[in-house]
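Listed below are the residues making up each chain.
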Amino acid sequence: MTQPYQSRRQRHQKKRKTNSWLSFLPVGGLFLIGTIYAINSLINDLTPQPEEAGATVSSKLLSDKEQATRSLLKQLADQKWLKSQNYSTEEQTFLIDNQNNEDDLGLLFSHFPKENAPDIVTGKEVSEDFSDSLTRVYYDFSSYTWNEEKHAFDRADSNSGEAHFVKKDTKRLPVITDFFSDDTELMHSHFLIQQEILNNSKDGSAILDQVLAKAPFKTSELTVTKVNDMGIQVKLAQPVGDVSTVLFPWAEFAYYLNPKTVSINYFPKSSNKQVALTFDDGPLPGTTKKLLTILKEEQVPATFFVLGSQAQLYPEVLQEIISDGHVIGNHSFDHKNLTELTADAVKLEMQETDKVVYNATGQLPRYIRPPYGAMKESIAKTLDQPLIHWNIDTEDWKKGKAETIVDTINNQLEDHSVILLHDIHETSVDAVQPLIHSLKEQGYEFTTINTIFEGPRSRTQYFGGSREINVF
Ligand code: NI
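Residues numbered from 1 in each chain as written. Predicted model: local features only at pLDDT ≥ 70, side-chain atom pairs only at ≥ 80, totals over all residues. Heavy atoms only, no water.

J.: Would you take a moment to explain the packing of aromatic side chains for this structure?
T.: For the structure shown, the criterion picks out nine aromatic pairs. On the numbers, 4.5 Å between centres and 80 degrees between planes, the contact of Phe130 with Phe165 is edge-to-face. Separated by 35 residues along the polypeptide, Phe130 in the loop between β2 (120-129) and β3 (134-147) and Phe165 in strand β6 (residues 164-167) bring together distant segments of the chain. You'll find Phe130 and Phe165 in the same group, each marked buried. Measuring from ring centre to ring centre gives 6.2 Å for Phe180 and Phe248, while their planes differ by 75 degrees; the resulting arrangement is edge-to-face. Linking Phe180 in the loop between α7 (176-179) and α8 (183-187) with Phe248 in strand β9 (residues 243-249), this pair joins segments that are 68 residues apart in sequence. Judged by its relative accessible area of 0%, Phe248 is buried. (Phe/Tyr/Trp six-rings, centres within 6.5 Å; stacked < 30°, edge-to-face > 60°. Helix = DSSP H or I, 4+ residues; strand = E, 2+ residues; numbered from the N terminus. Buried < 20%, exposed > 50% of the residue type's maximum accessible area, 1.4 Å probe, protein only.)

Structure representation (structure tokens):
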């Protein structure tokens, strides 16, 4: 086990922030690969060879800069910083501890742009576990820039390069079936992929219909092109609109990946004493906005299962929900009992709401909560998002008093509870603050469904608490 992913990423981001020069690093892979085999190790050059009687003479003919380069290399070699060296007199040069094969090196360096390069970059490879089967590899770099006035190299601080992930056994880039062992497993994350395609488009609204209509991807349609601290970068066989490359962020996809490749143990776990407040049937400006003010004051995140018909009327409330850091789910367009509709009609209900929410906020609803909790297997199988129910029904719509609502919750409270409330009733909203105080006093933290809900998601109904998961 290594440290949790989050902290590594934070550490990494911090490094990147303070060392922004690295993003201007030069040339990289292709040039490097080309020269690796073309140019002999400098150390060999530095070793006096009998047949090179004129070596001393010819070294005097070298420029100061080249001599300085060679002397620098010798120093690094003496310090055992480099196990082997590759050196080019071209303007931009990498010196690296070359333990990998050329494919890995090409991968490691392919992201460096060509501008504003230092003259020399030295580096050594560092490897650490990311998961049981993935290794996180990065290079510790130092850069040197020639100072013409001093006739010497200026050395910049050391930096870490972008990390890349390779398979432990093969030292190669993982392939898509390492992460999703088959098409069914991939299908479970389809709604997340849809969102990422929209995120990567210049104009998500323009391709929204196409994205929503896209049949779940097959593993044969996706090629992994890079795996790094952000996630898995994938190339689509057929572009969707203007999008041909998509990043699957770890934070979003962790629970949908093959645990043999990336165990969820490598991601931060939610603590037990957490509950999720969920609010249905809104938005309704008066009560929803009042609720948002309370949640902001209490610093409590929540999940809002909105109706498309209401969302259409109040897009600005949806925007406020998202900008306050809450999560939006889909509660159908106009609150029909979905079990009485055809699968096609249900799909339409859901997609109409998807569109309204996306066009207002740039995000698709994350989950579906069927009205009345009514669902059947034949319908559930056609839906992309996970189905989220509740384990505590406050019956706030019929219980007028805040005190009664708080008591109802306290009587049924358990870890990871999903609490059902409605943001369209004044009395429900009035109950929220006392309810938050009561739960906080008992040591509970509030979170969104995203944090509480773990495990294989699609074709799943999640209830929270001990009534956890029901897989179709
Ligand atoms: Ni409802």
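Still more ground to cover, so stick around.
J.: Help me out: how do you make sense of unusual backbone geometry in this one?
T.: For residues besides glycine, phi is generally negative; the peptide bonds are generally trans as well. Omega for the bond connecting Gly282 with Pro283 falls within 30 degrees of zero, at 0 degrees, which places this linkage in the cis form. Tracing the backbone through its elements, the reader meets Pro283 in the loop between β10 (274-280) and α12 (285-298). Its identity as a non-glycine residue notwithstanding, His151 has a phi of 55 degrees, on the positive side. Tracing the backbone through its elements, the reader meets His151 in the loop between β3 and β4 (152-155). Overall, His151 belongs to the partly exposed group, its relative accessible area being 39%. The phi dihedral of Asp281 falls on the positive side, at around 80 degrees, and the residue is not glycine. Tracing the backbone shows Asp281 in the loop between β10 and α12.

J.: Mind showing me how you'd approach the pattern of salt bridges here?
T.: Two side chains bearing opposite charge may form a pair once their charged atoms approach each other closely. Under the defined criterion, the tally for this structure stands at 20 salt bridges. Among the ionic pairs, Arg136 bridges to Glu128, the shortest N-O distance being 3.0 Å. A salt bridge links Glu426 to Lys290, with the nearest nitrogen and oxygen atoms 2.8 Å apart. One end of the pair, Glu426, is in helix α18 (residues 426-441); the other, Lys290, is in helix α12, and 136 residues separate them in sequence. (Salt bridge = Lys/Arg side-chain N within 4 Å of Asp/Glu carboxyl O.)

J.: Sorry if this is basic, but what is going on with the packing of helix α17 (residues 402-412) against α18 here?
T.: Helix packing for two helices is described by the angle between their axes and how far apart those axes are. Between α17 and α18, the least distance of the axes is 8 Å, while the angle of their chain directions is 50 degrees. Taken together, the axis directions place α17 and α18 in an arrangement best described as oblique. Considering only the axes of α17 and α18, their crossing is right-handed. Residue-level contacts link Ala402, Ile405, Val406, Ile409 and Asn410 of α17 to Thr427, Ser428, Asp430, Ala431, Pro434, Leu435, Ser438 and Leu439 of α18. (Axes fitted to C-alpha atoms, helices over the stretch in contact; angles between N-to-C directions. Parallel < 35°, antiparallel > 145°, perpendicular 65-115°, else oblique. Left-handed = near helix turned anticlockwise from the far one by under 90°. Contact = heavy atoms within 4.5 Å.)

J.: Can you walk me through the coordination of the nickel ion in this structure?
T.: Tetrahedral coordination by four donors places them ideally at 109.5 degrees to one another around the metal; octahedral coordination by six donors ideally gives 90 or 180 degrees. Ligation of the nickel ion by protein atoms is provided by Asp281 (OD), His331 (NE2) and His335 (NE2), these donors lying 2.1 to 2.2 Å from the ion. Spacing between the donor residues of the nickel ion along their common chain follows D-x49-H-x3-H. Neither His331 nor His335 differs from the other in exposure class; each is buried. (Donors = N, O, S within 2.8 Å, 3.2 Å for Na, K, Ca; no water.)

J.: Please explain the environment of Gln238 as it appears in this structure.
T.: Relative to the assigned elements, Gln238 resides in strand β8 (residues 231-240). Between the alpha carbons of Gln238 and Glu221 there is a distance of 7.4 Å; along the sequence they are 17 residues apart.

J.: I keep staring at the side chain of Gln461 and nothing clicks. Help me out?
T.: Among the structural elements, Gln461 can be located in strand β17 (residues 460-462). At 2.4 Å, the side chain of Gln461 forms a polar contact with the side chain of His389. (Polar contact = N/O pair within 3.5 Å; in protein donor to acceptor, adjacent residues only side chain to side chain.)

J.: What is the right way to look at the sheet that holds strand β7 (residues 222-227) in this model?
T.: Within a beta sheet, neighbouring strands are joined by backbone hydrogen bonds and run either parallel or antiparallel to one another. In space, the three strands of this open sheet follow the order β7-β8-β9, with antiparallel pairing throughout. Whereas interior strands pair on both sides, the edge strands pair on one side only; in this sheet they are β7 and β9. Ignoring strand direction, the axes of neighbouring strands in this sheet form an average angle of 30 degrees. The pairing of β7 with β8 spans five bridges and is classified as antiparallel. (Pairing = 2+ DSSP bridges.)

J.: What am I meant to see in the pairing of β10 here?
T.: The side chains of a regular strand alternate between both faces of the sheet. Burial within β10 is extensive, with seven of its seven residues counted as buried. Burial of the side chains of β10 extends over both faces: Gln274, Ala276, Thr278 and Asp280 are buried on one face and Val275, Leu277 and Phe279 on the other. With three bridges joining them, β10 and strand β16 (residues 445-447) adopt parallel strand pairing. Residue pairing across strands places Val275 opposite Phe446, the latter belonging to β16. Sheet topology note: the β10/strand β15 (residues 417-422) ladder contains six bridges and is parallel. Residue pairing in the sheet places Thr278 in a bridge with Leu420 of β15. The pairing of β10 with strand β11 (residues 303-306) spans three bridges and is classified as parallel. The residue of β11 that forms the bridge with Phe279 is Phe304. Assessed by its sense of winding, the connection that carries the chain from β10 through α12 to β11 is right-handed. (Right-handed = clockwise from strand over helix to strand, strands pointing away.)

J.: Sorry if this is basic, but what is going on with the nonpolar core here?
T.: Considering soluble globular proteins, one finds that nonpolar side chains tend to be buried as a cluster. With 38 residues, the main nonpolar core has Phe179, Ile197, Ile232, Phe248 and Trp250 as its most contacted residues. Those elements giving two or more residues to this core turn out to be α7, α9 (190-200), α10 (204-213), β7, β8, β9 and α11 (250-253). It is α9 that provides the largest number of residues to this core, a total of five residues. The residues touching Ile232, leaving out its near neighbours within four places in the chain, are Phe179, Val224, Lys226, Val227, Val246, Leu247, Phe248, Trp250 and Leu257. In this structure, Ala302, Ile322, Ile436 and Tyr444 belong to the second largest nonpolar core, which totals 36 residues. (Core = buried A, V, L, I, M, F, W, Y, C linked by side-chain atoms within 4.5 Å.)

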